[in-house]
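# Structure assessment
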Amino acid sequence: MNKEEMKMEEKQPIATDTTDEQGPSSPEKKTDPSPSQGTKEQENVVAKDNAEAKSNDGEKPMSKKQLKRQRRWEKSQANKKRRKEQERELRRIKAEKDGRDLDAERQQQAQNQKEGKGWAKREAIWKETMQKADIERSFRVCFDCSFEDKMSWKETNSLGLQLRYTYAVNRKSPMPVYIDVCGLNKGGNTRAHLEKVEGFPDRWVGRAFHCYEGGLEEVYGQAVVASAGGSNAKNDDEKASSATGDGITAENKVGEKGDPNGDKAKNNDANASSNEKDGTTATNIEDMKDDPNGDNANTNDAKASSDIGDETTAENDDECVKDDPNGNKANTNDSAEASYPKLPPKHKFVYLTGDSPNTLSTLDNNTTYIIGGIVDRNRLKRAAIERAESISAKNPTLDVTTARLPLDEHIDFKASTRILTCNHVFEILQKYRERGYKDWKGAIMAVLPDRKDLEEKE
């Protein structure tokens, strides 16, 4: 190559390939955003507006997930309101077909509520239900709430809801039983959830639902001692003697019953001479003050009735106390929420737990069936049976035994869990009683939810 050709090559510009940077030349395409892209853009706009609003108020802006949750909640509330309106319209149509005037009924209901007739009517219905159910001779159910320190706030909230369900089921049942909730401490999470309900615990006491701050050992330990020693009979004798001026103290009555030497007349004469001067002894006065089943309970009943909004007098409250067949009296002082349960002699206690080797064949009316107040999502293994064994070891007078419901004997659970809620256990016991203590299978199937894939065993 000569010098002229070399000069010509240097003058020619070097061609560069721009296809890698810009790509092949093609007309520009305008793409429309897809529906999903449009939804995301809308959410971004809403989130931006919400963030600006929150920033103006000085609050933390909501995330997209929180916004979605809020929209779902608002939608559910709107659906609930719509369903209520539809139900109200259906009731109106049905009432018109039956020839009823709903407006007049509502006015009458408001008038009854103002005059207190509605409450009196409900009380009469409840007393009649208790008499028909023979609640005095039925078994009792106890909820042991001593596991609260092992549960989270969410779990105690669930336990509170289950106790509310239990109260509602028992109140509406044709065969109600007495329910005792032990270990329901003031300031605890479970009690805090229940205190949000209007009427707790004052109104609940009048519906055979008694709450105690003391533990199971304290409540039933005192009840067993009272039933074994006949302290309730002694208090009744003391009140009878003070009212009639008999002048015989309960201490001397006990001595008369157990006097092997026949000194009964001497004790009576001595007491008669002392009571002619004083009318009653200091011992009787102190006993009357400390008597948990005496006249002090009547004043508490009057307070409870005034809190409820009932317009009856204290005399009516006294009649309600006398008509209580099991001797349980309302008390607004919730540290002694109600007097200790009045138990018949030789009363037994059975702690229900799925870990027990014993199976319930039937229910005994002279027994209190204890349900562990545990909501642990199967996290606390063997907690109920260990609690029962501890009570039995430390309190031999209670003699707490264990048993489990006959679930596997009557039902095929397949892949479903056998862990039941507290209110389901209670409902099974109650349904079994309503069916004449004869049909475990029917009681279990009537209570357990349909979502469980269950089959009855032949």
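Thresholds, definitions, all that
Residues numbered from 1 in each chain as written. Predicted model: local features only at pLDDT ≥ 70, side-chain atom pairs only at ≥ 80, totals over all residues. Heavy atoms only, no water. Salt bridge = Lys/Arg side-chain N within 4 Å of Asp/Glu carboxyl O. Buried < 20%, exposed > 50% of the residue type's maximum accessible area, 1.4 Å probe, protein only. Helix = DSSP H or I, 4+ residues; strand = E, 2+ residues; numbered from the N terminus. Pairing = 2+ DSSP bridges. Axes fitted to C-alpha atoms, helices over the stretch in contact; angles between N-to-C directions. Parallel < 35°, antiparallel > 145°, perpendicular 65-115°, else oblique. Left-handed = near helix turned anticlockwise from the far one by under 90°. Contact = heavy atoms within 4.5 Å. Nonpolar A, V, L, I, M, F, W, Y, C, P; charged D, E, K, R; others polar.

Counting across every chain of the model gives 19 salt bridges. One salt bridge in this structure joins Arg 191 and Glu 195, with 3.1 Å as the shortest N-O distance. Judged by its relative accessible area of 2%, Arg 191 is buried. Counted as one network, the salt bridges with shared partners bring together Glu 89, Arg 92 and Glu 96.

If a strand is regular, its side chains alternate between the two faces of the sheet. Burial runs high along strand 5 (residues 367–372): 6 of the 6 residues are buried. Burial along strand 5 is two-sided: the face carrying Thr 367, Tyr 369 and Ile 371 and the face carrying Thr 368, Ile 370 and Gly 372 are both buried. Bridging between strand 1 (residues 140–144) and strand 5 involves 5 bridges; their strand directions are parallel. The residue bridging Cys 142 from the neighbouring strand is Ile 370, located in strand 5. The pairing of strand 4 (residues 348–352) with strand 5 spans 5 bridges and is classified as parallel. Along strand 5, the bridge assignment pairs Tyr 351 with Ile 370.

With that settled, consider the environment of Ser 152. Within the secondary structure, Ser 152 sits in the loop between strand 1 and helix 7 (153–172). In this structure the C-alpha to C-alpha distance between Ser 152 and Asn 189, which are 37 residues apart in sequence, comes to 9.0 Å.

Direction vectors running N to C along helix 18 (residues 422–434) and helix 19 (residues 440–447) enclose 140°, while the axes themselves pass 8 Å from each other. Taken as axis vectors, helix 18 and helix 19 run oblique relative to one another. Like other packed secondary-structure pairs, helix 18 and helix 19 cross with a definite hand, here right-handed. For the pair formed by helix 18 and helix 19, the contact residues are His 424, Glu 427, Ile 428, Leu 429, Lys 431 and Tyr 432 on the first element and Trp 440, Ala 443, Ile 444 and Val 447 on the second. Counted by class, the contact of helix 18 with helix 19 contains 7 nonpolar, 1 polar and 2 charged residues.

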